[in-house]
Amino acid sequence: MKRVRANAGGWAAAAVALALGLLMAACSTTGPASIVGQQTLRIGVKADQPGLGLRLPDGTFAGFDVDVARYVASKLGVRPDHITFVPVTSATRETALENGSVDLVFATYSITPERETKVTFGGPYYVAHQDTMVRVSDTAVRNVHDLKGKRLCAVTGSNSWKRVTQALNIAATLAPAASYSACVAMLREGRVDAVSTDDLILAGFAARAGPAVRIVNAPFSYERYGIGIRKGDLSGCEAVNRAVSQMYLDGTAAALLQKWFGKTRLQLDTHVPQFEGCG
Amino acid sequence: MHVTATPPVASREPRRWRPGGRFRRLGLQTTPGRIRALAAVTVLAIGGFFIVASIAVGNARDGLRVIGHDAGPQVLATGDLYFALGDMDSQVASILLTGRESSPGARQQALRRYGQDRAIANRAALQAAELSAGDPTDQAAVRSILDGLGQYERLASRAMVLDEQANHPAGPPPADVIAVYRQATDLMTLELLPPAYNLTLEGGATVREAYAAKRSAVLSGRIWVALAGLAVITALAALQVFVAAHFRRRLNPALAVATLGLIFLTVSAVRLLSGEAAHLQAAKTSGFDSILTMSQARAIGNSLHADQSRFLLDPGRADAYSLAYLDKSQTVLYVASGNLSEYYTALSTAMKAYRANPRALGFLGFYGDEARAHPGPAVTAALSRFQQFQADDQRIRQLARAGHDRQAVMLLTGRTTGSPGYDFDQYDQAVVSLIGQHRAAFDQAIRAGDRALGRSVLGNWAALLPLAALGAAVLVVAGVWARLAEYR
């Protein structure tokens, strides 16, 4: 009997120690799977948009989106050599996030209420404006309304042509294409009359296409470039937003905008955008 | 109290334990040694209980502090700041739009409201700055808003002076006025509003994190407090039984008092922690979440109203303002639609279905979240006024599209009963009262949580726990002291 009694106190002490240990452990547990705390990240970027996301001949990626992605990943504690860039297109962004083939998307990905039903958006990390590109010979197009009756390039999965033909109800004829690089090629070959999308995208192409094309310079929308995150990853979204805040605060955003678009005529905004909220 | 020492009976003389060296070294082979050891274990267990309970109560206190007194109020203050700033720009747009045709009182009224907004913005900014003390990033954000506000006011005043000089009829003012207004509104929407909105969101993130961490810590703390309490009570009982058996006493009063005290303390602490977890949950889910959602809905809603004015004011940006209006409307209340006329139709279909069956929610966005979480007359009222606001918008845009700009402006800026301006104010009132309801629930839950922490037998829990632990330890020592003295 005595042995039992003597052990009772020991059991109590052990229970207290166990309780303390577990309590400490309980304090440090986190929620469900999130990009926060990951050692490696697979990031979806565009492969064919000069200035934003472009795959170089050596297989690496370069552009504003790519640099922003690197910055945000570093703030999430991921080493540069632990980032894998994965090419995505406008049509594959949602699926790539949903099926887990990428963890984040930085691909001129405008936040729209419709997309928000499938994806959680961090950011925006920049607010671009939709504008229109035509052949330089085409002097009649002064703003988006002049696209009425013209052949407009429509990239699958992109929101830009919807802005023109649906939201603004302008009766342009749609010519489907897989990407904006294809659109610009079609514009130069005369197979479409106009490419309408974000000024940052157009600026990159205009710099390469030379004097054959021109940008109308009549911006008509606010395109908030979001960071696509798997739906419901709130702590990931909040962490990404903190990184974007930091990027504007420490001057990196201004430097990157200058680096990629400083030579264009675009008016660059170096203030932190209004975030969408992680919902 | 019978403390007269009875010499131990011979038969109760400590029996020799097996000659194991460990027990001899610890002195456990003698009765006093065992009493000392058991008492020491009990005192240690009391210390353990004190630590576990203090951590759990500390978590509850931290949770209440962050949610109720720190990030929570920060969200409210920055929400007010955002609204007041946005409304300043909205008033300026409306003044510029009506030109000389504003009714005599209307211009004065808009200017008065502009001044009130300015005062509210100032107050809210100061409050936000106070609440963000210790966070240099947040403080820098508030400072930059206040700096920018002075610049905004100069631009807005210049636009209004130019506008008055232009003496134009209702509708878009001359190009020089628009140019200055563009500078002002860009400053507002690019530099002043975003940091205010982001501060609100950051506060929301802080609350979400604190809630998740602290509530689960309080709940698991409750289990550990119960276990630690049980351990102490078991140790006390073991000591009591041991002493009673060896000294032929039924009860050791000091140990009995300590045991009763610990039982009471354990039960009270477990009840306190359950209550605190419930208060935190009520504050978060019945109060804070909806306050955050509906504050955002109110802020975006007000900028919808401003976008109506800007759409008529600045024809060069009319497309951009219309598209922004559609995006913002869908953020507030999402129904699938590719353009505004589809939106009006889808909205009225969704509202009809909602009125028929409030559980069948055919919409998402801020209102989807709110109607799902807290169905009831308050959200229904706000929803029907939102629908009215959108119906007015449809009328205004139809007039503008048909070239009746002047009529569209007069309709938009009217404040008489049944006019769109009046309807918007009614809508905003409904949102404010919805927020007020959640605010009351929030305040009540936080107050209840604070009260429970500050209320115990000996005042507040922070003071009670160390005193109780010390008291129990003293009682244990006192309880065994007299018995041990019999051996000296």
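Scoring rules and cut-offs
Residues numbered from 1 in each chain as written. Chains lettered and ligands numbered in written order. Predicted model: local features only at pLDDT ≥ 70, side-chain atom pairs only at ≥ 80, totals over all residues. Helix = DSSP H or I, 4+ residues; strand = E, 2+ residues; numbered from the N terminus. Buried ≥ 20, exposed ≤ 12 C-beta atoms within 10 Å, placed from the backbone. Contact = placed C-beta atoms within 7 Å. Nonpolar A, V, L, I, M, F, W, Y, C, P; charged D, E, K, R; others polar. Pairing = 2+ DSSP bridges. Axes fitted to C-alpha atoms, helices over the stretch in contact; angles between N-to-C directions. Arc of directions from axis to C-beta. pLDDT = per-residue confidence, 0-100. Domains from an automatic or database assignment. Parallel < 35°, antiparallel > 145°, perpendicular 65-115°, else oblique. Left-handed = near helix turned anticlockwise from the far one by under 90°. Right-handed = clockwise from strand over helix to strand, strands pointing away.

Chemist: Describe the overall build of chain A, with residues and values.
Modeler: Counting secondary structure elements, chain A contains 8 helices and 13 strands. Across the 279 residues of chain A, 51% fall into the buried class.

Chemist: How would you explain the interface of chain A and chain B if you had to name every residue and give the values?
Modeler: Across the contact, 42 residues belong to chain A and 52 residues belong to chain B. Secondary structure elements with two or more residues in the side of chain A that touches chain B: α1 (2-28), α4 (160-167) and α7 (234-249) of chain A. The dominant element in the side of chain A that touches chain B, judged by the number of residues it contributes, is α1 of chain A, at 15 residues. In the side of chain A that touches chain B, the residues fall into 24 nonpolar, 12 polar and 6 charged.

Chemist: Explain the sheet that holds strand β5 (residues 83-87) of chain A to me, and be specific about the residues and the numbers.
Modeler: The strands making up a sheet are joined through hydrogen bonds of the backbone, oriented either antiparallel or parallel. Residues and elements named next belong to chain A. Pairing within the open sheet is mixed, and its 5 strands lie in the order β5-β1-β6-β13-β7. Edge positions in the open sheet fall to β5 and β7 (119-128), since each of these has one partner strand only. Of the strand pairs in this sheet, strand β6 (residues 104-105) and strand β13 (residues 223-230) are connected by 2 bridges, and their pairing is antiparallel. From the neighbouring strand, V105 faces β13, where its bridge partner is G228. Strand contacts of helix α2 (residues 64-75): β1 (41-45), β5, β6, β7 and β13, with the helix running at about 160 degrees to β1, the strand carrying the most contacts.

Chemist: Tell me about helix α11 (residues 405-413) of chain B, and please be specific about residues and values.
Modeler: All of the buried residues along α11 of chain B are A408, V409, L412 and T413 of chain B. Down the axis of α11 of chain B, the sector holding all buried residues measures 115 degrees, keeping them to one side.

Chemist: Can you tell me about the confidence of the model for chain B, naming the residues and giving the values?
Modeler: Residue and element names in this part refer to chain B. Scored by pLDDT, chain B comes out at a mean of 89, with 93% of its residues at no less than 70. By mean pLDDT, the top-scoring element of chain B is helix α8 (residues 340-356) (95), and the lowest-scoring one is helix α1 (residues 21-26) (58). Of the two predicted TM-score estimates for the complex, the pTM is 0.85 and the ipTM is 0.84.

Chemist: I'd like to hear about unusual backbone geometry, residue by residue, with values.
Modeler: With the exception of glycine, most residues fall at negative phi, and the peptide bonds are largely trans. Residue and element names in this part refer to chain A. Cis geometry marks the peptide bond from G123 to P124; its omega dihedral reads 15 degrees. Even without glycine at this site, N169 takes up a positive phi of about 60 degrees. Topologically, N169 is positioned in the loop between α4 and β10 (173-177). With a phi angle near 60 degrees, N217 is a residue other than glycine that sits in the positive phi range.

Chemist: So what's going on with the domain arrangement of chain A? Which residues, and what values?
Modeler: Annotation of chain A at the domain level lists domain 1 (41-127 + 223-261) and domain 2 (130-215). Centre-to-centre, using C-alpha coordinates, domain 1 of chain A lies 24 Å away from domain 2 of chain A.

Chemist: Account for the sheet that holds strand β2 (residues 48-49) of chain A, naming residues and giving values.
Modeler: All names here are of chain A. One open sheet holds the 3 strands; their spatial order is β2-β3-β4, and the pairing between them is antiparallel. Edge positions in the sheet fall to β2 and β4 (61-62), since each of these pairs with one other strand and no more. As defined by bridge partners, strand β3 (residues 53-55) adjoins β4 across 2 bridges and the pair is classed as antiparallel. If you follow R55 over to β4, its bridge partner there is F61.

Chemist: Could you give me a rundown of the pairing of β13 of chain A, with the residues and numbers involved?
Modeler: Residue and element names in this part refer to chain A. Among the 8 residues that make up β13, 7 are buried, leaving the element largely enclosed by the rest of the structure. In the sheet, β7 pairs with β13 via 7 bridges, with the strands oriented antiparallel. Of the residues in β13, the one forming a bridge with V127 is R224.

Chemist: Hey, could you go over the packing of helix α4 (residues 136-166) of chain B against helix α5 (residues 175-247) of chain B for me, with residue numbers and the actual values?
Modeler: Helix packing for two helices is described by the angle between their axes and how far apart those axes are. Residue and element names in this part refer to chain B. Packing of α4 against α5 leaves a shortest axis separation of 9 Å and a crossing angle of 160 degrees. By the angle class used here, α4 and α5 are roughly antiparallel. The interaxial crossing formed by α4 with α5 has left-handed handedness. Split by residue class, the contact of α4 with α5 holds 19 nonpolar, 4 polar and 5 charged.

Chemist: Provide a residue-level description of the environment of G115 of chain B, including the pertinent values.
Modeler: Residues and elements named next belong to chain B. For G115, the location among the structural elements is in helix α3 (residues 104-131). By C-beta crowding, G115 is classed as exposed, having 12 other C-beta atoms within 10 Å. Sequence-wise, G115 and S220 are 105 residues apart; in three dimensions their C-alpha atoms are separated by 51 Å.

Chemist: Describe the pairing of β10 of chain A, with residues and values.
Modeler: Residues and elements named next belong to chain A. Two elements, strand β9 (residues 151-155) and β10, share 5 bridges in a ladder whose sense is parallel. Bridge pairing in β10 links C153 to A175. A crossover links β9 with its parallel partner β10, the connecting element being α4, and its sense is right-handed.

Chemist: An account of the environment of R355 of chain B is needed here, citing residue identities and associated values.
Modeler: All names here are of chain B. Relative to the helices and strands, R355 is located in helix α8. The exposure class of R355 is exposed, given the 12 C-beta atoms found within 10 Å. Spatially, the C-alpha atom of R355 lies 51 Å from that of A462, the residues being 107 residues apart in sequence.

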